[in-house]
Amino acid sequence: MITILAIESSCDDTSAAVIQDGVVKSNCIASQKIHEQYGGVVPELASRSHQQNIVPVVHQAIVDAGISISEIDAIACTVGPGLLGSLLVGVSFAKGFALAHACKLVEVNHLHAHVLASFIETETYKPAKPQFPFLCLLVSGGNTQIILAHSYNRMEILGATIDDAAGEAFDKCAKLMGLPYPGGPHIDRLAGQGNPQAFTFNKPQIAGFDYSFSGFKTSVLYFLQKEIAKNPDFVQQNLTDLCASIQHTIIEMLMHKLKKAVQITGVKHVTIGGGVAANSGLRAAIQLFGEKNDITTYVPPPIYTTDNAAMIAVAAYYNFMDGQFAGQTMKAKARFSLEEYFNE
Ligand code: KG4
């Protein structure tokens, strides 16, 4: 039996998970609430919180999994991309743990883990797994990409954002409307009560499979400035319609390129990953697209689309099976593309 302890600390969630022979046995997450009052993640505070949380979170993951430390064959952690100070906490912990317990070290790219989130299974949750090749729409706070996965460890990026990520677009629009950070879940909740056709915003025309969200964000900003100048209560009076229209526009942009990728590659299996994949409108849009076009879609539960160590554990398991181990020279990398990772 192969037992791996996995750690995620790339941004503002400290998480640890245990996986045994590909089945996730525990997944503990400590989310940092401190950033809400600042309207965004404060890197210095994030790394300090990771430092406080990491030992209790790892302890809980081991207890929940019902294993003893001596059973652990490898410790894995996210090495990047992410906030350097946050990553360093997980990487340093993993190195120390590997030395203290004489186990192997496995490095994981955070994006690789988001793509493999659809492979997470537990004792009680056994979903159908994606078949290769599949396309993954990876939409998080820092990344928006369309990835073609040929196998667990061979993936190709077909398109990516040239400026903001989809999660940033949600969060920045939410901030403009005075909603708390992170704004994505608030927009999602309010959008359910509004009219998605109430307002229209610019959708940039970008070549190929790439995305751009900065023009859209500016269009929302100018629209709100103009309307607020006429009526200072415009946002409060139209909040649900604004949220529904903003969410609808972002989903249309995301789906447009995804549909194009399906059409051009002829790939019949589609997954989503990353925090924005928790969005109810996007999940429904992907499922509907699949049903109408005979495409099999795999939509992991929201707990596995936002940052979590279960997905790190799954990626680590396939790296382990592939014989890919790291040494004590393993480094945290704020920037770490999938191309760099797969070509290492
Ligand atoms: O993947 P993630 O947890 O962290 C990163 O690695 O970036 O993604 C966080 C992003 C945030 O921008 C947050 O607003 C967004 O995911 N998000 C959502 C929803 N839940 C989280 N965006 C839209 N609708 C949601 N339900």
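Since the model is a prediction, treat every value here as computed from it, not as a measurement.

Draft legend 1. Up close: the site of the ligand. What surrounds the ligand is a group of 19 residues, the closest being Gly-141, Asp-171, Asp-188, Gly-275 and Asn-279. A distance of 3.4 Å separates an oxygen atom of the ligand from a polar side-chain atom of His-114. Within the backbone of Gly-184, a nitrogen or oxygen atom sits 3.2 Å from an oxygen atom of the ligand. Sorting the residues of the shell around the ligand by element identifies α3 (110-115), α4 (166-176) and α5 (184-191) as the ones contributing at least two each. Taken together, the residues of the shell around the ligand sort by class into five nonpolar, 11 polar and three charged.

Draft legend 2. Spatial organisation of the sheet that holds strand β5 (residues 104-109). The strand order β3-β2-β1-β4-β5 describes an open sheet built from five strands, whose pairing is mixed. With partners counted over all chains shown, the strands left at the sheet margins are β3 (23-31) and β5, one partner each. Across the sheet, the axes of successive neighbouring strands diverge by a mean angle of 20°, strand direction being ignored. When strand β1 (residues 3-8) meets strand β2 (residues 13-20), the two strands line up antiparallel, connected through six bridges. If you follow Ala-6 over to β2, its bridge partner there is Ala-17. Lying on the sheet, helix α1 (residues 43-65) is in contact with β1, β2 and β3; it crosses β2 at an angle near 25°.

Draft legend 3. Structural detail: the pairing of β5. When you tally the buried positions in β5, you get five out of six residues, the bulk of the element. A crossover connection joins strand β4 (residues 74-80) to the parallel β5 through helix α2 (residues 84-101); in handedness this β-α-β unit is right-handed.

Draft legend 4. Layout of the environment of Phe-93. Mapping Phe-93 onto the fold places it in helix α2. Separated by 38 residues in sequence, Phe-93 and Val-55 have C-alpha atoms that sit 8.8 Å apart. Residues in contact with Phe-93, not counting those within four places in the same chain, are Ile-7, Ile-54, Val-55, Val-58 and Ile-75.

Calculation rules
Throughout this description, residue numbers start from 1 for each chain and increase along the sequence as written. With pLDDT at 70 or above as the cut-off, local features in this predicted model cover only qualifying residues; side-chain atom pairs require 80 or more to be listed or tallied, and sums for whole chains, interfaces and linings still use all residues. Side-chain measures here rest on the full set of heavy atoms in the structure, leaving out hydrogens and waters. Distances are taken per atom, and a residue is near a molecule or strand as soon as one of its heavy atoms is within 4 Å of it. Each polar contact in these results corresponds to two N or O atoms within 3.5 Å; when the atoms are within protein, one needs to be able to donate a hydrogen and the other to accept it, and residues that are neighboring in sequence are counted only if both atoms are side-chain atoms. Helix and strand definitions here come from DSSP, where helices need a minimum of 4 consecutive H or I residues and strands a minimum of 2 consecutive E residues; each element is numbered from the N-terminal end. For this classification, Asp, Glu, Lys and Arg are treated as charged, while Ala, Val, Leu, Ile, Met, Phe, Trp, Tyr, Cys and Pro are nonpolar and the rest, including Gly, are polar. For two strands to be treated as a pair, DSSP must find at least two bridges joining them. Helix axes use the C-alpha atoms of the stretch in contact, all axes being lines fitted to C-alpha atoms, and the angles between their N-to-C directions lie in the range 0 to 180 degrees. When checking whether two residues touch, look at their non-hydrogen atoms; a contact exists if any pair is within 4.5 Å. Accessibility here uses a 1.4 Å probe with only protein chains present; expressed as a share of the type maximum, an area under 20% marks a residue as buried, one over 50% as exposed, and anything in between as partly exposed. A crossover counts as right-handed when, viewed with the strands pointing away from the observer, the path leading from the first strand over the helix to the second turns clockwise.

Spatial relationships are all this shows, so hold off on functional conclusions.
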